[in-house]
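The primary structure of each chain is shown beneath.
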Amino acid sequence: MKKIYPDAASALDGLLHDGMQIAAGGFGLCGIPELLIDAIVESGVKDLTIASNNCGVDGFGLGKLLDTHQISKMMSSYVGENDEFMRQYLSGELEIEFNPQGTLAERMRAGGAGIPGFYTKTGVGTVIAEGKEHKDFDGETYIMEEGIFADLSIVKAWKADETGNAVFRKTARNFNPPAAMCGKVCVMEVEEIVPKGSLDPDLIHLPGIYVHRLIQGEHEKRIEQRTVRQKEGA
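Since this is a predicted model, take the numbers as computed values, not measurements.

Calculation notes
- Residues numbered from 1 in each chain as written.
- Predicted model: local features only at pLDDT ≥ 70, side-chain atom pairs only at ≥ 80, totals over all residues.
- Heavy atoms only, no water.
- Buried < 20%, exposed > 50% of the residue type's maximum accessible area, 1.4 Å probe, protein only.
- Helix = DSSP H or I, 4+ residues; strand = E, 2+ residues; numbered from the N terminus.
- Pairing = 2+ DSSP bridges.
- Right-handed = clockwise from strand over helix to strand, strands pointing away.
- Axes fitted to C-alpha atoms, helices over the stretch in contact; angles between N-to-C directions.
- Contact = heavy atoms within 4.5 Å.
- Arc of directions from axis to C-beta.
- Core = buried A, V, L, I, M, F, W, Y, C linked by side-chain atoms within 4.5 Å.
- Phe/Tyr/Trp six-rings, centres within 6.5 Å; stacked < 30°, edge-to-face > 60°.

A word on the pairing of strand β1 (residues 21–24)
Consecutive side chains along a regular strand alternate between the two faces of the sheet. On β1, burial covers both faces: Q21 and A23 on one face and I22 and A24 on the other are all buried. As defined by bridge partners, β1 adjoins strand β2 (residues 48–51) across three bridges and the pair is classed as parallel. Each bridged residue has a counterpart across the sheet, and for A23 the counterpart in β2 is A51. For the handedness criterion, the β-α-β arrangement of β1, helix α2 (residues 34–43) and β2 is classed as right-handed.

Section: the sheet that holds strand β7 (residues 140–146)
Taken together, the three strands give an open sheet; going across it, the order is β5-β7-β6, and neighbouring strands pair in antiparallel fashion. Both edges of this open sheet fall to β5 (117–120) and β6 (134–137), since each of them pairs with a single strand only. Each strand axis lies, on average, 40° off the axis of its neighbour in the sheet, ignoring direction. Pairing of β5 with β7, which is carried by four bridges, proceeds in the antiparallel orientation. Considered in β7, the bridge of G117 is made with E146. Sitting on the sheet, helix α5 (residues 101–112) touches β5 and β7, and the angle it makes with β5 is about 150°.

With respect to unusual backbone geometry
Backbone geometry at H69 places phi at a positive 60°, although glycine is not the residue there. Residue position: H69 is located in the loop between α3 (63–67) and β3 (71–76). Of note, D138 is a non-glycine position whose phi angle comes to about 50°, a positive value. Looking at where D138 falls in the secondary structure, it is placed in the loop between β6 and β7. Relative accessible area serves as the criterion here: at 84%, D138 is assigned to the exposed category.

As for helix α4 (residues 83–90)
Along α4, the residues classified as buried are E84, F85 and Q88. Burial along α4 is one-sided: seen end-on, the buried residues are contained in an arc of 105°. Set apart from the buried face of α4 by more than 90 degrees, the exposed residues are D83 and L90. Packing partners of the buried residues in α4 comprise α3, β3 and β4 (95–98).

Section: the nonpolar core
Of all hydrophobic cores here, the largest spans 27 residues; its most connected members are L12, I22, I40, I50, I71, L152 and I154. For this core, the secondary structure elements donating two or more residues are α1 (8–11), β1, α2, β2, α3, β3 and β8 (150–161). Among the elements that take part in this core, α2 stands out by supplying four residues, more than any other. Apart from residues no more than four positions distant in its own chain, L12 is found in contact with L36, A39, I40, L152, I154, V187 and R213. Counting 23 residues, the second-largest nonpolar core is a separate cluster that includes A157, A180, C186 and M188.

Some points on the packing of aromatic side chains
Summed over all chains, the structure comprises two aromatic pairs. Residues Y119 and F137 carry aromatic rings whose centres are separated by 5.3 Å and whose planes lie at 65° to one another, so their mutual orientation is edge-to-face. With Y119 in strand β5 and F137 in strand β6, this pair connects stretches of sequence that are 18 residues apart. Residue Y119 is classed as partly exposed on the basis of its relative accessible area, which comes to 31%. Measuring from ring centre to ring centre gives 5.4 Å for F137 and Y142, while their planes differ by 85°; the resulting arrangement is edge-to-face.

Details of the pairing of β3
Counting buried positions over the six residues of β3 gives five, a clear majority of the element. By the bridge criterion, four bridges tie β2 to β3 in an arrangement that is parallel. Following the sheet pairing, A51 is matched in β3 by M75. Sheet topology places β3 next to β4; four bridges connect them, and they run parallel. Each residue of the ladder has a partner; that of S76, found in β4, is F98.

See the structure below:
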């Protein structure tokens, strides 16, 4: 089956529809599928539910979808770098489902493994636990969290072979593997596509069986917050 597509728009062709749920990889601006996000913006699809650690920043990454009001709900663990996110939430334009960071990652991984739910102690006794099933194990209380089964996964890797076996570079791995696993269809963008069999099997982070469509492109790689230390004696 052919997995390589010429660009983001063609890779997403036939996959987008209003009201869908999308799992997006990335952490801050590290390892985000920026080309696929841009194509979703251009598509005009709306009323999206997006599961992602955060929602980019103002004017970049998933923040672009906030600017165009294409997102109706975010399932996130951190939202502190985006003024438009805050404005839409406080005005009632955007619904938020907060998740502890590890819980969000495990919900994605569970969905990819076909696990509909799991118990965790994280969130017990807080607003996170409200309305969720509680169960005691060995005298400790746990809450049940549901796996995420997204309509579409969009992720970013460093390189992949022609079958979709992927390698992520350093911290850019972050949420990308679990996000890739939990979608019915996974579209991945990479910096380099290499011939099949050229990657060391022991170094592959995401097996190609999870990847359905693949594109190669140039990436901006912004720095989210730049801090410069003044030279001594200056």
